[in-house]
Amino acid sequence: MSRAPDELGGDEAAGLQRNRREVDVLATMMGADSQRIDGLVDDVGAIKGAVTNLHSGVGELKDGVNELRGGMIALTRLSINLERQAEDYGKTQTQMALMDGRLRVAETTLASELPPLKEARTWAVRGMLTVLGVVGLAVIGLVIVK
């Protein structure tokens, strides 16, 4: 049977008081532990969310790296093509310089030999006109004779 605290003796009341304090201290400790556990659960949840976000970010980064790899392959191919075109351009420039030299030699040769060609053409024209004149005189002579 339980008695009211006033009816208890001094030792029993002190023991009961001590028990109440222990229960209060234990309850306070349990409350503090509960708050710590709640805080840890919140932290673990936040960390889990951060890890999930990080995992999705890594997936996106992986896709970006693959895309970058494709771009680098295309850039390397373009660079190789540009180098080939530069080599071809250099060869073309060299060939054009050689042709330019040959053309200058031909122009110089024609310019220096052109007066004799003009003179030969003049003699050829005069010879042809002379032949035509002789044929024309022969025709006229035949017409007059008949």
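Structural notes, computed from the coordinates. (Residues numbered from 1 in each chain as written. Predicted model: local features only at pLDDT ≥ 70, side-chain atom pairs only at ≥ 80, totals over all residues. Heavy atoms only, no water.)

1. Some words on the overall build of the chain
Link 1 in the chain: Check the secondary structure of the chain and you find one helix and zero strands.
Link 2 in the chain: Against the compact-globule benchmark of 15 Å for 146 residues, the chain has a radius of gyration of 59 Å, which places it well outside the compact range.
Link 3 in the chain: Expressed along its principal axes, the backbone C-alpha trace of the chain runs to roughly 185 × 35 × 20 Å.
Link 4 in the chain: For the chain, buried positions account for 1% of its 146 residues.
Link 5 in the chain: Summed over all atoms, the accessible surface of the chain reaches about 13,200 Å², with 65% contributed by carbon and sulfur.
Link 6 in the chain: Charge-centre separation for the chain: the mean point of 17 positive side chains lies 22 Å from the mean point of 20 negative side chains. (Helix = DSSP H or I, 4+ residues; strand = E, 2+ residues; numbered from the N terminus. Rg over C-alpha atoms; globule rule 2.2 N^0.38 Å. Buried < 20%, exposed > 50% of the residue type's maximum accessible area, 1.4 Å probe, protein only. Areas by Shrake-Rupley, 256 points an atom, 1.4 Å probe, with all protein chains shown as cover. Lys, Arg positive; Asp, Glu negative; His and termini not counted. Charge placed at Lys NZ, Arg CZ, Asp CG, Glu CD.)

2. Examining the pattern of salt bridges
It is possible for side chains of opposite charge to pair when their charged atoms get near one another.
Link 1 in the chain: All chains considered together, the criterion is met by two salt bridges.
Link 2 in the chain: Between Asp-33 and Arg-36 there is a salt bridge whose closest N-O contact spans 2.7 Å. Here Asp-33 and its partner Arg-36 are both found in helix α1 (residues 10-145), three residues apart, which amounts to about one turn of the helix.
Link 3 in the chain: Note on Arg-36: relative accessible area 55%, which makes it exposed.
Link 4 in the chain: For Asp-100, the salt bridge identified is with Arg-104, shortest N-O distance 3.3 Å. Taken together, the positions of Asp-100 and Arg-104, both in helix α1 and four residues apart, correspond to about one turn of that helix.
Link 5 in the chain: Owing to a relative accessible area of 35%, Asp-100 belongs among the partly exposed residues under this scheme. (Salt bridge = Lys/Arg side-chain N within 4 Å of Asp/Glu carboxyl O.)

3. Thoughts on a nonpolar patch on the surface
Link 1 in the chain: Taken together, Leu-68, Met-72, Leu-75, Leu-78 and Leu-82 make up a surface patch of nonpolar side chains, about 500 Å² in accessible area.
Link 2 in the chain: Relative to the helices and strands, Leu-78 resides in helix α1.
Link 3 in the chain: With relative accessibility at 46%, the residue Leu-78 sits in the partly exposed group. (Patch = residues over 30% accessible without salt bridge, like charges linked within 9 Å, V, L, I, M, F, W, Y side chains within 5 Å.)

4. Remarks on the environment of Lys-118
Link 1 in the chain: Looking at the element boundaries, Lys-118 is found in helix α1.
Link 2 in the chain: Separated by 99 residues in sequence, Lys-118 and Asn-19 have C-alpha atoms that sit 141 Å apart.

5. Some words on the environment of Ala-27
Link 1 in the chain: With respect to the element layout, Ala-27 can be found in helix α1.
Link 2 in the chain: Ala-27 sits 16 residues away from Asp-43 along the chain, and the two C-alpha atoms are 24 Å apart.

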